[in-house]
Amino acid sequence: MVDKTKLFCNFVNQKIMSAMKQVLTDIFSKRLKQARVMKGFSLETLAKSINNLVSRQAINKYEQGKMLPDSKVLIALSSTLGVNADFFFRPFSIEVGQLDFRKKAKFPESKAKILKERVQEELERYIEAEQLCNIENKFSLVRKEVSSIDDAIKFAMEIRGELGLGTDGISNVIEVLEDNGIKIIEIEESEEFDGLCGYANNVIPVIVLNSSLTAEQKRFTALHELSHLLMILPPEKTSKEKEALCNAFAGEMLIPHSVLINRIGEKRHDISLSELTDIQAQFGVSIDSMMFMLHQYGVITDNRYKTFNIKKNVTENFKNEVNKSRIPEERSRRFFRMVYRALANEIISISKASSLLNLPVNQINLRLQLV
């Protein structure tokens, strides 16, 4: 007599195994495409890069979720695309939503697509590290409608007050933003890209910065992107007008106009570079930004501001002095701290830390140095 219970259990187990395999196949297909796009490879390029172990058509089937590779191909894909093998089977925990790019016009759409995939992957690891450390860092800064330069300046002072900054310089812009629930992702990119912002899962604020920027540029860009997250701008404004409002907000966040005018004076014709470099070192704001603000506030005339820009463009030594960074470099370190915290507390293994930080195990061991 047939054991119906046993047959039923076998049937259920087969269904579970089949469902699990399909889940893994679906995850693998999306992860493979993500890794390929991040690398900037076409299907054809990837097939050639793994010495044609499989064809372009086979890789296409992997990405469509129609089949899984064998272990030999998996190792080759991992090595070629620069990711750990377990990356391909890591479930997706977040979805990066709309991201607003602050980039120059010549930044191609193909690179923007690669950048978004890189942001998605890095942000997933960031949030996983938070979850492992059981850290909840909520974003609570208010949003507000802004329609004029005066509105932007006033709003910046309100945010300064909310952050407890008063009129002092901000010692580390990135740390302040991360302490207030904003995820900062740094990615090395070409000079055509400055930064972008958006929300993951529609609620998690994200700011992405080009790690190649100078400290002053990075601080300004971070606060410019913060303004995009917080300011509700009139839809009828042009992109240029909206950027002007965001620049006014960022400038005021770096150095309140009352402080700048107090240091420079209400009306000036000539200003020494030494005056500006002293303020630059204290407030971490570039000379270009200060001159723009002084022009905006009417401290210097249109002609004086025009003369400054002409001199900068035609005199190489002067341009180098104006562009010179005079403050310590700022970097997002919170993610690294969380990973090493989880490692030190034995919440994760060395190999897991390696996967999260995308660093070799020997480097993880070298940097751990428990005290």
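Residues numbered from 1 in each chain as written. Predicted model: local features only at pLDDT ≥ 70, side-chain atom pairs only at ≥ 80, totals over all residues. Heavy atoms only, no water.

Chemist: Describe the packing of aromatic side chains, and please don't skip the residues or the numbers.
Modeler: Two descriptors summarise a pair of aromatic rings, namely the distance from one centre to the other and the angle between the planes of the rings. Counted according to the given criterion, the structure contains ten aromatic pairs. Relative to Phe88, the ring of Phe28 has its centre 5.4 Å away and its plane inclined at 50°; by these criteria the two rings are tilted. Of this pair, Phe28 sits in helix 1 (residues 4-39) while Phe88 sits in the loop between helix 4 (71-81) and strand 1 (96-103), and the two are 60 residues apart along the sequence. The same class applies to Phe28 as to Phe88, namely buried. With a centroid separation of 5.9 Å and 15° between ring planes, the pair formed by Tyr126 and Phe335 is classed as stacked. With Tyr126 in helix 5 (residues 109-132) and Phe335 in helix 15 (residues 334-344), the pair connects residues that are 209 residues apart, well separated along the chain. Comparing Tyr126 with Phe335 shows no difference in burial state: the two are buried. Taken together, Phe28, Tyr62, Phe87, Phe88 and Phe89 form an aromatic cluster joined through their ring pairs. (Phe/Tyr/Trp six-rings, centres within 6.5 Å; stacked < 30°, edge-to-face > 60°. Helix = DSSP H or I, 4+ residues; strand = E, 2+ residues; numbered from the N terminus. Buried < 20%, exposed > 50% of the residue type's maximum accessible area, 1.4 Å probe, protein only.)

Chemist: Requested: an account of the environment of Leu43, with residues and values cited.
Modeler: Along the polypeptide, Leu43 turns up in helix 2 (residues 43-49). For the pair Leu43 and Leu233, spaced 190 residues apart in the sequence, the C-alpha separation amounts to 41 Å. Beyond its immediate sequence surroundings of up to four residues, Leu43 is in contact with Arg36, Arg56, Ile59, Asn60 and Glu63. (Contact = heavy atoms within 4.5 Å.)

Chemist: Before we move on, can you summarise the pattern of salt bridges with the specific residues and values?
Modeler: Summed over all chains, the structure comprises 21 salt bridges. The shortest N-O distance in the salt bridge between Arg118 and Glu189 comes to 3.6 Å. Placement of Arg118 in helix 5 and of Glu189 in the loop between strand 3 (183-187) and strand 4 (193-200) is noted, with a sequence separation of 71 residues between them. With a relative accessible area of 13%, Glu189 lands in the buried category. Notably, a salt bridge pairs Asp270 with Arg304, separated by 3.4 Å at the nearest N-O pair. Taken as a pair, Asp270 in the loop between helix 10 (257-264) and helix 11 (273-283) and Arg304 in helix 13 (residues 302-314) lie far apart in primary sequence, 34 residues in all. What makes Arg304 partly exposed here is its relative accessible area of 21%. Three or more residues are tied together by salt bridges with common partners; here these are Arg31, Arg90, Glu121, Glu124 and Arg125. (Salt bridge = Lys/Arg side-chain N within 4 Å of Asp/Glu carboxyl O.)

Chemist: Pulling in residues and values, what's your account of the pairing of strand 5 (residues 204-210)?
Modeler: Where a strand is regular, its side chains alternate between the two sheet faces. Counted residue by residue, strand 5 has seven buried out of seven residues, so it is predominantly covered. As paired strands, strand 3 and strand 5 are joined by five bridges and run parallel to one another. Each bridged residue has a counterpart across the sheet, and for Ile185 the counterpart in strand 5 is Val208. Examined bridge by bridge, strand 4 and strand 5 share six bridges and lie antiparallel to one another. (Pairing = 2+ DSSP bridges.)

Chemist: Could you give an account of the environment of Glu243, with specific residues and numbers?
Modeler: Residue position: Glu243 is located in helix 9 (residues 239-254). Exposure remark for Glu243: the relative accessible area of 25% places this residue in the partly exposed category. Along the sequence, Glu243 and Met157 sit 86 residues apart, while their C-alpha atoms lie 18 Å from each other.

Chemist: I'd love a proper account of the nonpolar core, names of residues and values included.
Modeler: Counting residues in hydrophobic clusters, the biggest one holds 53 residues, and the most contacted among them are Ile207, Leu226, Met231 and Phe249. Looking at which element gives the most residues to this core, the answer is helix 9, with seven residues. By size, the runner-up hydrophobic cluster in this structure holds 30 residues, among which are Ile94, Tyr126, Val206 and Val339. (Core = buried A, V, L, I, M, F, W, Y, C linked by side-chain atoms within 4.5 Å.)

Chemist: So what's going on with the packing of helix 5 against helix 16 (residues 350-357)? Which residues, and what values?
Modeler: Between two packed helices, both the angle of their axes relative to each other and the distance between the axes serve to describe the pair. Close contact between helix 5 and helix 16 brings their axes to 9 Å; oriented N to C, the two are set at 145°. On the side of helix 5, the interface is formed by Arg125, Glu128 and Leu132, while helix 16 contributes Lys352, Ser355, Leu356 and Leu357. The residue makeup of the contact of helix 5 with helix 16, split by class, is three nonpolar, one polar and three charged. (Axes fitted to C-alpha atoms, helices over the stretch in contact; angles between N-to-C directions. Nonpolar A, V, L, I, M, F, W, Y, C, P; charged D, E, K, R; others polar.)

Chemist: Hey, could you go over helix 12 (residues 287-296) for me, with residue numbers and the actual values?
Modeler: Side chains of residues three or four places apart in an α-helix project in the same direction, reflecting 3.6 residues per turn. Within the span of helix 12, buried status applies to Ile287, Ser289, Met290, Met291, Met293 and Leu294. Residues of helix 12 that are buried sit in contact with helix 8 (215-230), helix 9, helix 10, helix 11, helix 13 and helix 14 (316-323). Positioned one or two residues after helix 12, Gly298 has a phi angle of 80°, which is positive.

Chemist: Could you give an account of the pairing of strand 3, naming the residues involved and the relevant values?
Modeler: Among the five residues in strand 3, five count as buried, and that is most of the element. Of the two faces of strand 3, both are covered, the one formed by Lys183, Ile185 and Ile187 as well as the one formed by Ile184 and Glu186.

Chemist: Just give me the short version of the environment of Asp288, but keep the residues and values in it.
Modeler: Mapping Asp288 onto the fold places it in helix 12. Along the chain, Asp288 and Ser55 lie 233 residues apart, while their C-alpha atoms are 53 Å from each other. In contact with Asp288, not counting residues within four places along its chain, are Phe308, Lys312, Val322 and Asn323.

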